[in-house]
Structures are given as structure tokens and as C-alpha cells.
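Given next are the chains, with one letter for each unit.
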Amino acid sequence: MWNSIKEFGKRYYVLLFASLLICTALFYGCTVGFLNKTVCDLWLRDFLLNINAEIIGILLVLFLVNRTVRANKENERKKFREIAFRPLKRVFYKQVILFFNMFKASIEVQPSKPCERLENLFDETYFYELGFLDLLKPAPILTSRGEEMDWLDYLYTECTSLSLALGKVVDRYSYYLDSEIVDLMEEVADAGFIRFISSIREAKQWHEISIIRGDLLSECQTLLKEYISSVMKLIDLYNQSVETERQIKIDKSQWREWWGSNVRPRIGDSRIQTAGE
């Protein structure tokens, strides 16, 4: 229906411009004497002037109306985009905390470089050190029943929570979101890293990895990088789509608090013990 209306609008514009061109050519013919001077002086010249004025007026009105309609549609799109992103703040923030806690628990000493922006955290050192995170050691979080949770369960819980939240947003608001945003949400929701963590957790539940080391993140560096990169793109889109006070920003004081020795996890808490240590 909408495509038919757009197609009709295009044809109407073409017809108006063609009419304007023909009338202008005829008026030029009257001016330079190509057409009958008597006919031009009696009625044709004035008729062409009136027709041209009418056509220009119609085109101007259509231009202004279309610009207003486009502006209203853009405002509506932004409004629904903000509404769609709004419920994701909590799961995005928990992802950021998860990414930081994984790094803090696996690194031996706090890095000397400051993190001015959230993106600065994810350098080569970050992914290298995460290879030493023991997923079978206790994470700094408890279950709803107050029981201890290991890093594998912590990762699985937060990643699947984000996946489910994104799926709900796509189901409800995909009509109002850009295709690029929907594609990115679906990419994160069905990320290979989440499937990897899910399969490892299932294996643990069936007691298939209870006797091996937990540094399994070293086996999926590419998947982990892709996942974090996609999540950070979504967080950036979220920040662009919501009001300033709702954005996810980590300042220096927040970094200092998270790195504090009295905040779990402690530095190197869950680092795998290698031979000789």
C-alpha cells in the first residue's frame, strides 16, 4: 500500500515537472515570436503565466508537506528507537561489569594505563589475560538462592539474559528500527560465543569437564573478540538513542571503585594456576 502511494507520488511529480517544462517552453515561444503573436497577446501568454504560477505553487506546497512528513517520521523513528533501547540499559550495564570483572579476576597486577573510555579496556592485553581466567572458580556473584556461582555459570547467565532481552526487542520493535540495528541485535543474540559457553556449561552439568582446567576462554579468542565488539557497538547505538542521563558512561571514579581491593573480585582471584606457580 505504502509503496503504491510512493509510486503515485513520483508519477505526480514527473507530471507536474513535465507540465511546467512545456508551459515554460510555450511562454518562451511567445516571448521570442516563435508562436502566433496575436494568440499570445490575446490569451496564451497570461494563461501560461497563471499555469506556471499554479504549478510552482503546488510543487512548493508538496515539497514543504513532504519535508514535514519526513521530519515527523524521523522524530517518530527516534522515539520508538529510544523506547526499544530503554529496557536494555540494565543488561548492557551488567555486561560491562561482567567484562571488567573477568579481566580483574584473571590479571596479576592492575594495568598502569588509565581507561578514559570504556572501549579502552578491550586491547590485546585484555584478551590475552582472559585466557588465564579459570571458569570453574567462584565468581563474585551468588545465585537467587544465595549459593556460590562459578564463572562459567556467571557468563552463561548474563549472556543468555542479554540474548533474551535482545530477542524481545527485535520481536516488538523491528518494524521501527533500522535494518542494521536489527541485524546487529540478532547477531549478538545468536553469537557463536554464547553458543560456545552454553555447550561448555551443558558439558559441565553432565560432568564431562569436571576434571579438566577451566581456562577455556583461551580456546575461543576469536569468538570472544567478535562478541565483545558487537556488544560494544550496540552499547554505542544505545548511548546515541537515549537521553544523556540514561547513557552508559564509566568515569574515572567508577574505574577506581571497581579496581578497589575491597570490591570483588580481587585482582587475580580466578587466575589459572600454571605449572611452577
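Just above sits the structure.
Predicted, not measured: the structure shown is a model, and the values here were computed from it. (Residues numbered from 1 in each chain as written. Predicted model: local features only at pLDDT ≥ 70, side-chain atom pairs only at ≥ 80, totals over all residues. Heavy atoms only, no water.)

S.K.: Can you help me understand the overall build of the protein chain in this one?
M.R.: When you go through the protein chain residue by residue, the secondary structure sums to nine helices and two strands. Listed N to C, the secondary structure of the protein chain is α-α-α-α-β-β-α-α-α-α-α in terms of helices and strands. The proportion of buried residues among the 277 residues of the protein chain is 38%. Partitioning the intrachain contacts of the protein chain with sequence separation of at least 6 by distance along the chain shows that 74% fall at a separation of at least 24. (Helix = DSSP H or I, 4+ residues; strand = E, 2+ residues; numbered from the N terminus. Buried < 20%, exposed > 50% of the residue type's maximum accessible area, 1.4 Å probe, protein only. Contact = heavy atoms within 4.5 Å.)

S.K.: How do you make sense of the side chain of E82 when you look at a structure like this?
M.R.: Secondary-structure assignment places E82 in helix α2 (residues 37-85). For E82, the contacting residues outside a window of four places in its chain are S241, V242 and E243.

S.K.: In this structure, what is going on with the nonpolar core? I would like to understand it.
M.R.: Membership of the largest hydrophobic core comes to 65 residues, with the highest contact counts inside it found for M185, L217 and Y227. Listed by contribution, the elements that provide at least two residues to this core are α2, α3 (89-106), α4 (124-130), α5 (151-173), α6 (179-189), α7 (192-205), α8 (221-241) and α9 (252-259). Here the element with the most residues in this core is α5; it accounts for eleven residues. Once you skip the residues sitting within four places of it in the chain, L217 turns out to touch M102, L130, L133, L135, L155, F193 and I197. (Core = buried A, V, L, I, M, F, W, Y, C linked by side-chain atoms within 4.5 Å.)

S.K.: Explanation requested: a negative patch on the surface in the structure shown.
M.R.: Judged by side-chain charge, D171, E180, D183, E186, E187 and E226 come together as a negatively charged surface patch. Looking at the negative patch element by element, the count peaks at four residues for α6. In this fold, D171 is placed in helix α5. Accessibility expressed as a relative area gives 67% for D171, which makes it exposed. (Patch = residues over 30% accessible without salt bridge, like charges linked within 9 Å, V, L, I, M, F, W, Y side chains within 5 Å. Areas by Shrake-Rupley, 256 points an atom, 1.4 Å probe, with all protein chains shown as cover. Salt bridge = Lys/Arg side-chain N within 4 Å of Asp/Glu carboxyl O. Lys, Arg positive; Asp, Glu negative; His and termini not counted. Charge placed at Lys NZ, Arg CZ, Asp CG, Glu CD.)

S.K.: Hey, could you run me through the packing of α7 against α8 in this one?
M.R.: Helix-helix packing is described using two parameters, namely the angle between the two axes and the distance between the axes. For the pair α7 and α8, the least separation of the axes is 8 Å and the interaxial angle reads 125 degrees. Here α8 runs oblique to α7, going by the angle between their axes. Along the contact surface, α7 presents G192, F193, I194 and F196, while α8 presents L223, L224 and Y227. (Axes fitted to C-alpha atoms, helices over the stretch in contact; angles between N-to-C directions. Parallel < 35°, antiparallel > 145°, perpendicular 65-115°, else oblique.)

S.K.: So what exactly am I meant to see when it comes to the packing of aromatic side chains here?
M.R.: The way to describe two aromatic rings as a pair is by their centre distance and the angle between their planes. In total, this model carries 17 aromatic pairs according to the counting rule given. Seen from their ring centres, F85 and Y238 are 6.2 Å apart, and the 70 degrees between their planes marks the pair as edge-to-face. Of this pair, F85 sits in helix α2 while Y238 is found in helix α8, placing the two residues 153 residues apart along the sequence. Look at F92 and Y238: their rings are 5.8 Å apart centre to centre, the planes differ by 75 degrees, and that puts the pair in the edge-to-face class. With F92 in helix α3 and Y238 in helix α8, this residue pair connects regions lying 146 residues apart in the sequence. Across this residue pair, the class does not change: F92 and Y238 are buried. Here the aromatic residues Y93, F99, F100, F103, F122, Y126, F127, F193, Y227, W255, W258 and W259 are joined through ring pairs into a cluster of three or more. Sitting over the ring of F127, K225 keeps its end group 5.6 Å from the ring centre. Positioned above the aromatic ring of F132 is the side chain of R271, whose terminal nitrogen or guanidinium carbon lies 4.1 Å from the ring centre. (Phe/Tyr/Trp six-rings, centres within 6.5 Å; stacked < 30°, edge-to-face > 60°. Lys NZ or Arg CZ within 6 Å of the ring centre and 35° of its normal.)

S.K.: Just checking my understanding: could you explain the pattern of salt bridges for this structure?
M.R.: One side chain can pair with another of opposite charge once the charged atoms of both are near each other. Taken as a whole and judged by the stated rule, the model has ten salt bridges. A salt bridge links K204 to D150, with the shortest nitrogen-to-oxygen separation between them at 2.8 Å. One end of the pair, K204, is in helix α7; the other, D150, is in strand β2 (residues 148-150), with 54 residues separating them in the sequence. Considered together, K204 and D150 belong to a single accessibility category, that of buried residues. Several salt bridges share partner residues, and in doing so they unite D150, D153, R201 and K204 into one network.

S.K.: For this particular structure, what's the right way to read the environment of N120?
M.R.: For N120, the location among the structural elements is in the loop between α3 and α4. We classify N120 as partly exposed; its relative accessible area is 29%. When near neighbours in sequence (up to four residues on either side) are disregarded, N120 contacts K113 and C115.

S.K.: Got a minute to help me understand the packing of α3 against α9 in this structure?
M.R.: For the pair α3 and α9, the least separation of the axes is 11 Å and the interaxial angle reads 50 degrees. Relative to α9, α3 is oriented oblique. Pair α3 / α9 crosses with right-handed handedness. Between α3 and α9, the residues in contact are Y93, V96, I97, F100, F103 and K104 and Q254, W255, W258 and W259, respectively. (Left-handed = near helix turned anticlockwise from the far one by under 90°.)

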